[in-house]
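# Architecture and fold: a report
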Amino acid sequence: MNRKSYRFFVITGGPGVGKTTLLEALKEQGYKCVPEVAREIIREQMESDGDALPWKNKEWYATLMLERSVRSYLETEAGVAGNEPVFFDRGIPDTLCYAGMIGMKFPKKVMRDISKYIYCPEVFLLPPWEEIYHTDGERKQDWEEAVLTYKNMRETYLNYGYRILEVPKVNTEKRVEFVLGYI
């Protein structure tokens with residue numbers, strides 16, 4: 001296992017649970033944070049009138065997510081010096097979870113290839129939190145789908161050998177304390 005990967009922390013969960021807010025707070029404290037590729041793809045596709053969108057062409061969207069997630073991992077790995085922690089807004093297993101939810105399977109060769117991109121064995125999982133959940137132009141899932149995504153995300157990470165650290169439903173400062181207290 002690459003030593004740097006032990007400093008690669010995934011922050012994940014269903015949509016609308018406060019991941020981006022938590023990552024922004026960590027970034028404000030000087031930590032390197034890698035943005036979510038899914039939202040980037042959605043913005044690009046909407047601007048270019050493309051169809052690699054979760055509400056148009058789910059398979060193409062998942063394929064782009066996987067490609068971008070791997071690229072993001074490799075670029076981050078190449079650019080990290082020392083043992084400073086890096087926080088990822090979702091990891092490669094998130095893409096595998098999404099693909100599974102839409103009934104898509106990546107070829108076995110792809111699965112073998114991506115097995116070498118690993119993160120810290122503990123993953124920060126944010127649970128569904130209806131009080132803060134909302135939809136927007138890029139997040140169109142309803143509450144039930146958000147809960148289902150959380151459950152599938154948890155199962156996916158456990159199936160890939162990660163341990164789950166569930167982030168409590170508290171204000172952002174306390175969530176930051178929880179994450180930093182662990183690392």
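Each remark here, short or long, concerns the structure printed above.
Read on for a plain summary of the structure. All of these numbers come straight from a predicted model, not from anything done at the bench.

Basis of the calculations
- Residues numbered from 1 in each chain as written.
- Predicted model: local features only at pLDDT ≥ 70, side-chain atom pairs only at ≥ 80, totals over all residues.
- Heavy atoms only, no water.
- Helix = DSSP H or I, 4+ residues; strand = E, 2+ residues; numbered from the N terminus.
- Buried < 20%, exposed > 50% of the residue type's maximum accessible area, 1.4 Å probe, protein only.
- Axes fitted to C-alpha atoms, helices over the stretch in contact; angles between N-to-C directions.
- Parallel < 35°, antiparallel > 145°, perpendicular 65-115°, else oblique.
- Contact = heavy atoms within 4.5 Å.
- Core = buried A, V, L, I, M, F, W, Y, C linked by side-chain atoms within 4.5 Å.

### What about unusual backbone geometry?
Trans peptide bonds make up the majority, and among non-glycine residues the majority have a negative phi. Residue aspartate 49 is not a glycine yet carries a positive backbone phi of 55 degrees. In this fold, aspartate 49 is placed in the loop between helix H2 (37–47) and helix H3 (58–79). Residue class for aspartate 49 comes out exposed when judged on its relative accessible area of 64%. For arginine 90, which is not a glycine, the phi torsion comes out positive at approximately 80 degrees. With respect to the helices and strands, arginine 90 occurs in the loop between strand E3 (86–89) and helix H4 (92–101).

### Re the packing of H3 against H4
One way to put it is that H3 packs onto H4 with a least axis distance of 9 Å and a crossing angle of 170 degrees. The angle between H3 and H4 places the two elements in the roughly antiparallel class. For the pair H3 and H4, contact is made by Lys58, Tyr61, Ala62, Met65, Leu66, Ser69, Val70 and Tyr73 and by Ile92, Thr95 and Tyr98, respectively.

### Some points on the nonpolar core
Phe8, Tyr61, Ile92, Phe106, Ile114, Tyr119 and Tyr157 are the most contacted members of the largest nonpolar core, which totals 35 residues. When residues of this core are traced back to their parent elements, those giving at least two are strand E1 (8–13), H2, H3, E3, H4, strand E4 (122–126) and helix H6 (143–159). Among the elements that make up this core, the one with the highest residue count is H3 (seven residues). Not counting the four nearest positions on each side in its chain, isoleucine 92 is found in contact with Leu66, Ser69, Val70, Tyr73, Ile114, Tyr117 and Tyr119. Core analysis: the next-biggest nonpolar cluster, separate from the first, contains 16 residues, Phe9, Leu23, Cys33 and Val176 among them.

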